[in-house]
Amino acid sequence: ALDTKTKELIALGISVATRCDDCIGFHAKAALEKGATREEIFETLGTAIYLGAGPAVMYAAHAIEAFDELAKPAAA
């Protein structure tokens, strides 16, 4: 019942909460390809931080970096 973009955002949040760098890159890319906005990424990461506490903050930064890096070619 969930669209693919929503599933990728959920997977990104789980990737941050479980501290999986490879997963973060994969799901950040997939979320971007499915049309996720930076605002949606931030909201997803906020939830992951809420659940994953301090360590999730550090991995959320990795996710933002990955999303922004992947979004550069799309914006150009």
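Just so it is clear, the structure is predicted and the values come from calculations on it, not from any experiment.

Parameters at a glance
- Residues numbered from 1 in each chain as written.
- Predicted model: local features only at pLDDT ≥ 70, side-chain atom pairs only at ≥ 80, totals over all residues.
- Heavy atoms only, no water.
- Salt bridge = Lys/Arg side-chain N within 4 Å of Asp/Glu carboxyl O.
- Helix = DSSP H or I, 4+ residues; strand = E, 2+ residues; numbered from the N terminus.
- Buried < 20%, exposed > 50% of the residue type's maximum accessible area, 1.4 Å probe, protein only.
- Core = buried A, V, L, I, M, F, W, Y, C linked by side-chain atoms within 4.5 Å.
- Contact = heavy atoms within 4.5 Å.
- Disulfide = S-S within 2.5 Å.
- Patch = residues over 30% accessible without salt bridge, like charges linked within 9 Å, V, L, I, M, F, W, Y side chains within 5 Å.
- Areas by Shrake-Rupley, 256 points an atom, 1.4 Å probe, with all protein chains shown as cover.
- Expected span 1.5 Å × (residues − 1).
- Polar contact = N/O pair within 3.5 Å; in protein donor to acceptor, adjacent residues only side chain to side chain.

(A) Up close: the pattern of salt bridges. Tallied over the full model, the rule gives four salt bridges. Across the pair Glu 40 and Lys 5 runs a salt bridge whose closest N-O atoms are separated by 2.9 Å. In this pair, Glu 40 sits in helix 3 (residues 38-75) while Lys 5 sits in helix 1 (residues 4-17), placing the two residues 35 residues apart along the sequence. Exposure remark for Glu 40: the relative accessible area of 26% places this residue in the partly exposed category. A relative accessible area of 22% places Lys 5 in the partly exposed class. Across the salt bridge formed by Lys 29 and Glu 33, the nearest N and O atoms sit 2.8 Å from each other. You can see Lys 29 and its partner Glu 33 sitting in helix 2 (residues 21-33), four residues apart, about one turn around the helix.

(B) Focus on the nonpolar core. If you look at the biggest cluster of nonpolar residues, it comprises 15 residues, and the most contacted ones within it are Leu 12, Val 16, Ile 41, Leu 45 and Ala 63. Of all the secondary-structure elements, those providing two or more residues to this core are helix 1, helix 2 and helix 3. By residue number, the principal contributor to this core is helix 3, which donates eight residues. Contact partners of Leu 12, with chain neighbours within four places excluded, come to Ile 24, His 27, Ala 28, Ile 41, Leu 45 and Ala 63.

(C) Layout of the state of the cysteines. Within the structure shown, the criterion is met by one disulfide. Bridging Cys 20 to Cys 23, the disulfide has an S-S length of 2.4 Å. Every disulfide takes its handedness from the sign of the S-S torsion; for Cys 20 and Cys 23 that torsion is 60°, giving right-handed. Cys 20 sits in the partly exposed class, given a relative accessible area of 21%.

(D) Examining a nonpolar patch on the surface more closely. Taken together, the side chains of Leu 2, Ile 10 and Ile 14 present a nonpolar region at the surface, about 280 Å² in accessible area. Among the secondary structure elements, Ile 10 is positioned in helix 1. For Ile 10, a relative accessible area of 43% gives the class partly exposed.

(E) The arrangement of helix 1 in detail. Given a rise of 1.5 Å per residue, 14 residues ought to cover 20 Å, and the 20 Å separating the end C-alpha atoms of helix 1 matches this to within 8%. Looking only at helix 1, the buried set comprises Glu 8, Leu 9, Ala 11, Leu 12, Gly 13, Ser 15 and Val 16. One side-chain oxygen at the N-terminal end of helix 1 lies 3.1 Å from the backbone nitrogen of Lys 5; it belongs to Asp 3. Arg 19 sits one or two positions beyond helix 1 and adopts a positive phi of about 60°.

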